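# Tertiary structure, described
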Amino acid sequence: MTSRLSPEDQQKVDQYLSAPQHQVERQPFRVWRLLAVVMVVTIGLGLLSRFLSRLVL
C-alpha cells in the first residue's frame, strides 16, 4: 500500500506512533461480557422502574 504522505511526514507519523504512550497493551474485546453487562443494566433498570411505579401507585 503506497502512502500519500511525503517521506518527511511519514517519518513524523512513524515517530508519533512509536512513542511509549501509544504502545499500550490492551485486552482482547469480549463481546459476551459486553452483552452480559448491557442485559444486567437493562434488567436492573426495568426492575427499579417497576419498584418505583409500585411505590407511586
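Rules of the game
Residues numbered from 1 in each chain as written. Predicted model: local features only at pLDDT ≥ 70, side-chain atom pairs only at ≥ 80, totals over all residues. Heavy atoms only, no water. UniProt positions renumbered as here; feature names shortened; annotations may be inferred. Helix = DSSP H or I, 4+ residues; strand = E, 2+ residues; numbered from the N terminus. Buried < 20%, exposed > 50% of the residue type's maximum accessible area, 1.4 Å probe, protein only. Contact = heavy atoms within 4.5 Å. Polar contact = N/O pair within 3.5 Å; in protein donor to acceptor, adjacent residues only side chain to side chain. Patch = residues over 30% accessible without salt bridge, like charges linked within 9 Å, V, L, I, M, F, W, Y side chains within 5 Å. Areas by Shrake-Rupley, 256 points an atom, 1.4 Å probe, with all protein chains shown as cover. Salt bridge = Lys/Arg side-chain N within 4 Å of Asp/Glu carboxyl O.

For the protein, an unreviewed UniProt entry supplies the name DUF3094 domain-containing protein and the organism Ectopseudomonas alcaliphila.

Right, let's talk about the UniProt feature "transmembrane region" (unreviewed entry) in the protein for a bit. The positions UniProt marks with the feature "transmembrane region" (unreviewed entry) are residues 31–52. Structurally, residues 31–52 is divided into 100% helix and 0% strand, and its ends, taken at the C-alpha atoms, are 32 Å apart.

This part covers the environment of Gln 23. Take Gln 23: it is sitting in the loop between α1 (7–17) and α2 (31–56). For Gln 23, a relative accessible area of 47% puts it in the partly exposed group. Every residue in contact with Gln 23, bar those within four places of it in the chain, is listed here: Leu 17 and Ser 18. Here Leu 17 takes part through its backbone oxygen, which lies 2.6 Å from a polar atom of the side chain of Gln 23.

Nonpolar side chains collect at one region of the surface, where Phe 29, Val 31, Trp 32, Leu 34, Leu 35, Val 38, Met 39, Ile 43 and Leu 47 lie side by side and expose about 1000 Å² of accessible area between them. Relative to the elements of secondary structure, Leu 35 occurs in helix α2. On the basis of relative accessibility, which here comes to 42%, the residue Leu 35 falls in the partly exposed class.

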